[in-house]
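# Descriptive analysis of the structure
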Amino acid sequence: AQEPLSVGLAIGVAWALTSYLSHPRFYCSYVECCPSAERRLNATALQVQLDSKLFGQHLAKAVVLKAAQGYSSNRSPKKPLTLSLHGWAGTGKNFLSQILAEHIHGAGLRSKFVHLFLPTLHFPHHDKVKLYKDQLQSWIRGNVSACPHSVFIFDEMDKMHPGLIDAIKPFLDYYEQVDGVSYRKAIFIFLSNAGGDLINQAALDFWLSGKQREEIQLKDLEPLLSVGVFNNKNSGLWHSSLIARNLIDYFVPFLPLEQKHVRMCVRAEMQARGYLVDEQMVQAVLEEMTFFPREQKLFSDKGCKTVQAKLDIHEDA
């Protein structure tokens, strides 16, 4: 028979060990946990990463940094943070949303609290829109219930069936709770090529008038974007209640990239692969890119989207 002292000691040790292993700080070092309300976004680290990796987008960086800081510091937001990113392909919309997601949840797109939706993959059939609306509401409700700080990214919004995105309108509105769930600490991000032509024309007009692109302000583009996207049948937000009810906090314009910005992208990609920057190779890649308008050849028509593929070819050579 065991002595009472030994049994008590064993029980005490077992209890202490169990308490330690189940403590959130220890447990969450091995298993991803939803951030606590006390955790704050490191705005300085976010700014450093944006400055070093996102080129030619002074507006997008400033707006998203401001929005993220406000989201992180506000303990009692009135609604979830909702951003709509617009611009041509290759200008950095996906890149910025990934960086932001990584600063909310360290695993970024691999996090179980970050959810990426692709219309062509998740909502492919036009005749099933009603089913998709129900599934989307159920999916968002379940994930926000599990983690109030969930991030939802809707890519290729211009391929979204009209009216489908309005299914999430109750979650973006100024309600304290919807069916017992609060969505106020979540983040919703929409990515779209829609409005890119409006942004490009505005950037060209600034250049033709002799102004620097850095002089372009959000007020010069945001009203054009909100109206243009609302009236664009291919925007995914056509006549959307999200715009009509002013539930999108920021329409974020991504400007067309100039040759100097594409050059920065090539250099950054070479450094990311562990290479010394070879300016001859940088120039070779740049010369294979196409630019518009035809006369000025000012802006890249694919942004930095094809830089990786073109660099692969030159690597092989």
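Residues numbered from 1 in each chain as written. Predicted model: local features only at pLDDT ≥ 70, side-chain atom pairs only at ≥ 80, totals over all residues. Heavy atoms only, no water.

### Points about unusual backbone geometry
Just so we agree on the cut-off: Helix numbers and strand numbers start at the N terminus; a helix is a DSSP run of H or I with at least 4 residues, a strand a run of E with at least 2. Burial classification: accessible surface area is computed with a 1.4 Å probe over protein chains only, and a residue below 20% of its type maximum counts as buried, one above 50% as exposed, and the rest as partly exposed.
Cis rather than trans, the peptide bond between phenylalanine 292 and proline 293 has omega equal to -10 degrees. Relative to the helices and strands, proline 293 is located in the loop between strand S6 (291-292) and strand S7 (299-300). Even without being glycine, glutamate 156 reaches a positive phi, approximately 50 degrees. Residue placement: glutamate 156 occurs in the loop between strand S3 (151-154) and helix H8 (169-172). For glutamate 156, a relative accessible area of 24% puts it in the partly exposed group. Unlike most non-glycine residues, histidine 239 shows phi in positive territory, near 50 degrees.

### Digging into the sheet that holds strand S4 (residues 187-192)
Put simply, the rule reads: Two strands qualify as a pair provided DSSP detects at least 2 bridges between them. Throughout, an axis means a line fitted to C-alpha atoms (over the contacting stretch in the case of helices), and angles, computed between N-to-C directions, take values from 0 to 180 degrees.
The strand order across the open sheet built from five strands is S2-S3-S4-S1-S5, with neighbouring strands paired in parallel fashion. Each edge of the sheet is formed by a strand with only one pairing partner; in this case those strands are strand S2 (114-117) and strand S5 (250-253). When the angles between neighbouring strand axes are averaged without regard to direction, this sheet yields 15 degrees. Bridge count for S3 against S4 is four bridges, and the pairing is parallel. Residue pairing for S4: phenylalanine 152 is matched across the bridge by phenylalanine 188.

### Some remarks on the layout of surface pockets
What counts here: Only protein atoms enter the calculation, which uses a 1 Å grid: trapped sets of points that fit a 1.4 Å probe without letting it out are cavities, open sets showing protein on both sides within 12 Å along at least five of seven lines are pockets, and any residue with an atom within 4 Å of a point is a lining residue. Grid points are joined across faces, edges and corners, and a volume is the space filled by probe spheres set on the points. For the domains described, the bounds stem from an automatic or database domain assignment. The classification used treats Ala, Val, Leu, Ile, Met, Phe, Trp, Tyr, Cys and Pro as nonpolar, Asp, Glu, Lys and Arg as charged, and all other residues, Gly among them, as polar.
Counted as a void, the largest pocket has a volume near 840 Å³. What lines the largest pocket is a set of 28 residues, and nearest its centre among them are Gly90, Gly92, Phe95, Cys304 and Lys305. Only helix H3 (43-53), helix H5 (93-104), S4, helix H12 (259-272) and helix H14 (307-316) provide two or more residues apiece to the lining of the largest pocket. Looking at which domains feed residues into the lining of the largest pocket, each of domain 1 (43-254) and domain 2 (259-316) supplies at least three. Here the second largest pocket is characterised by a volume of approximately 250 Å³. Considering the residues around the second largest pocket, the lining is formed by 16 residues, among which Arg39, Arg40, Tyr71, Ser72 and His149 are closest to the centre. Taken together, the elements giving at least two residues each to the lining of the second largest pocket come down to helix H4 (58-73) and H5. Across the lining of the second largest pocket, the residue classes break down as six nonpolar, six polar and four charged.

### Considering the state of the cysteines
Each disulfide is one covalent bond, formed between the sulfur atoms of two cysteines. This is how it is decided: Defined by distance alone, a disulfide is two cysteine sulfur atoms within 2.5 Å.
On inspection of all chains with the given rule, the structure shows three disulfides. The disulfide partner of cysteine 34 is cysteine 147, and the gap between their sulfur atoms is 2.0 Å. With the S-S bond torsion at 70 degrees, the cross-link from cysteine 34 to cysteine 147 turns out right-handed. Taken together, the residues span a long stretch of sequence, with cysteine 34 in the loop between helix H2 (24-27) and H3 and cysteine 147 in the loop between helix H7 (129-146) and S3 at a distance of 113 residues. The exposure class assigned to cysteine 34 is partly exposed, which follows from its relative accessible area of 24%. In this model cysteine 265 forms its disulfide with cysteine 304; the gap between the sulfur atoms is 2.0 Å.

### Some remarks on the packing of H12 against helix H13 (residues 279-287)
As a reminder, the rule being used: By definition in this entry, angles of less than 35 degrees are roughly parallel, angles greater than 145 are roughly antiparallel, angles of 65 to 115 are roughly perpendicular, and the rest are oblique. The crossing is said to be left-handed when, going from far helix to near helix, the turn is anticlockwise and less than a right angle, and right-handed when the turn is clockwise. Whether two residues are in contact is decided by their heavy atoms, any of which lying within 4.5 Å being enough.
Contact pair H12 / H13: the axes reach a minimum separation of 10 Å and the direction vectors enclose 130 degrees. Put simply, H12 runs oblique to H13. Crossing handedness for the pair H12 and H13: right-handed. Only Glu279, Met281, Val282, Gln283, Val285 and Leu286 of H13 make contact with H12, whose side of the interface consists of Gln259, Val262, Arg263, Val266, Arg267 and Met270. Split by residue class, the contact of H12 with H13 holds seven nonpolar, two polar and three charged.

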